[in-house]
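What follows is each chain in one-letter form.
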Amino acid sequence: MISNTAAPSSLTMASIHDFADVLAAAQRGGEGTLTLDLTAVAAPDLSVLQLVESARAQARVGGGSVQLSAPAADALAALLERAGFMGAMTPEDIDFWFHGVLPQ
């Protein structure tokens, strides 16, 4: 099963619950690829990173995968930096968040 899920532009701690429900529904059935479109997210907070990382972990356990439809844009890349993710990224993380090319 392949599923495409677009995040709303206003995705923060206050609204993450609804999107978490959408992701959970998309991941039911386990195997397959879930493609997340985070391009519209204007001002993400840590809850977005937590949810995405949780979805990635859940997919690995269930035999599926999660990918981004486009590399992390400026706001998301800046959040990854502020949250300390950039210094600990594995090659797999770089492929996931930036499609293999770290921003300069």
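The shown structure was predicted, so the numbers you read here are calculated from the model rather than taken from an experiment.

Participant: If you had to explain the packing of aromatic side chains to someone new, which residues and values would you point to?
Facilitator: One pass over the structure, following the stated rule, counts 1 aromatic pair. Ring centres of F96 and W97 lie 5.0 Å apart, and the angle between their planes is 85 degrees; on these two criteria the pair is classed as edge-to-face. F96 sits in the buried class, given a relative accessible area of 7%. Above the plane of the ring of F96 lies R56, whose end atom (NZ or CZ) is 4.1 Å from the centre.

Participant: Mind laying out the pattern of salt bridges, listing which residues take part and the relevant values?
Facilitator: A full pass over the atoms with the stated rule returns 4 salt bridges. Two residues, E53 and R56, come together in a salt bridge whose shortest N-O distance is 3.0 Å. Of the two residues, E53 and R56 both sit in helix α2 (residues 46–62), 3 residues apart, roughly one turn of that helix. E53 gets classed as partly exposed once you look at its relative accessible area, which sits at 22%. When its relative accessible area of 5% is taken as the criterion, R56 is described as buried.

Participant: Before we move on, could you go through the pairing of strand β3 (residues 64–68) and cite the residues and values that matter?
Facilitator: The two faces of β3 differ: G64, V66 and L68 on one face are buried, but S65 and Q67 on the other face are not. Where strand β2 (residues 32–37) lies against β3, 5 bridges are found, and the strand directions are parallel. Residue pairing for β3: G32 is matched across the bridge by G64. With α2 bridging β2 and its parallel neighbour β3, the resulting β-α-β unit is right-handed.

So, how was this worked out
Residues numbered from 1 in each chain as written. Predicted model: local features only at pLDDT ≥ 70, side-chain atom pairs only at ≥ 80, totals over all residues. Heavy atoms only, no water. Phe/Tyr/Trp six-rings, centres within 6.5 Å; stacked < 30°, edge-to-face > 60°. Buried < 20%, exposed > 50% of the residue type's maximum accessible area, 1.4 Å probe, protein only. Lys NZ or Arg CZ within 6 Å of the ring centre and 35° of its normal. Salt bridge = Lys/Arg side-chain N within 4 Å of Asp/Glu carboxyl O. Helix = DSSP H or I, 4+ residues; strand = E, 2+ residues; numbered from the N terminus. Pairing = 2+ DSSP bridges. Right-handed = clockwise from strand over helix to strand, strands pointing away.

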